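Below are the chains, spelled out letter by letter.
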Amino acid sequence: PAMFFLGFAGFGEQRVFAEEIKLAARVVGGRYGSADRSVLLLNDRRDLNEWPLASPTALRYALRGIATKMNVDKDILFLSLSSHGSEDASLSVTNGALMLHDLTAPGLALALGESGIKWRVIVISACYSGSFIEELRNPQTVIITASAADRSSFGCADDRDLTYFGEAFYRDALPKAHSLRAAFEAAKAEIAVREKRERVTPSRPQAFFGNEIEKWLKILERPAAKRP
């Protein structure tokens, strides 16, 4: 299988989300060879022209377009989303004066279903992002979220390059972990230590690993010399 990357930074008024998605694209590209198979949808008040708009409609079109380049029965989509989140299972979508709709869990599930992409790794860096899991889970999907459904995550400030989750998962854990599950566990532990030190309410990152895709991912995560 080949890995394809789609990044979505929803909240354009704070640069941290766009910077986090850019890092995610580099790290996933380096680990899984997806650099030439990447699409970034970024809302960023600093530059309204360089990157394609991040909106639910743009995401739907991007998924459809990527699907035409994939073998949808074999290849894997790594979908990375970063924004402010709400308890009603939605991500904030803003970009200057444009009137944009938020991205909801049912809307994301519908867009993925319409695309026909079977194998999916979905990473959501946002407050209350655990609320997306129930809508998206199936045996062919991994879902990793920065927080539980009823918890805030931290570090989403305009003076930062990465959120706490982005630092722990994309910057520190994923480049050297032997598997996606190991990367999640390492990031979860790092975040717990940091939040305890700072005496904030724990965000409790969540993950769901579909049993079928975990077996499939092992092929990509095996050292090249051991692949058939």
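Structure's up top.
Here's a quick rundown of the structure.

A closer look at the sheet that holds strand S5 (residues 90–91)
Argument step 1. Taken in spatial order, the 3 strands of this open sheet run S4-S5-S6, and their pairing is antiparallel. The open sheet terminates on both sides in strands that have one partner only, identified here as strand S4 (85–86) and strand S6 (103–104).
Argument step 2. Taken together, the 2 bridges between S5 and S6 define a ladder with antiparallel strand orientation. Each bridged residue has a counterpart across the sheet, and for Leu91 the counterpart in S6 is Leu103.

Looking at the nonpolar core
Argument step 1. Counting 42 residues, the largest nonpolar core has Phe78, Val121, Ile144, Phe169, Leu174 and Leu180 as the members making the most contacts within it.
Argument step 2. Element by element, the count of residues in this core is highest for helix H1 (residues 15–32), at 10 residues.
Argument step 3. Apart from the residues within four sequence positions on either side, Val121 is in contact with Ile76, Leu77, Phe78, Leu79, Val142, Leu180, Ile213 and Leu217.
Argument step 4. Counting residues in hydrophobic clusters, the runner-up holds 31 residues, among them Leu77, Leu91, Ile124 and Phe208.

Scoring rules and cut-offs
- Residues numbered from 1 in each chain as written.
- Predicted model: local features only at pLDDT ≥ 70, side-chain atom pairs only at ≥ 80, totals over all residues.
- Heavy atoms only, no water.
- Pairing = 2+ DSSP bridges.
- Helix = DSSP H or I, 4+ residues; strand = E, 2+ residues; numbered from the N terminus.
- Core = buried A, V, L, I, M, F, W, Y, C linked by side-chain atoms within 4.5 Å.
- Buried < 20%, exposed > 50% of the residue type's maximum accessible area, 1.4 Å probe, protein only.
- Contact = heavy atoms within 4.5 Å.

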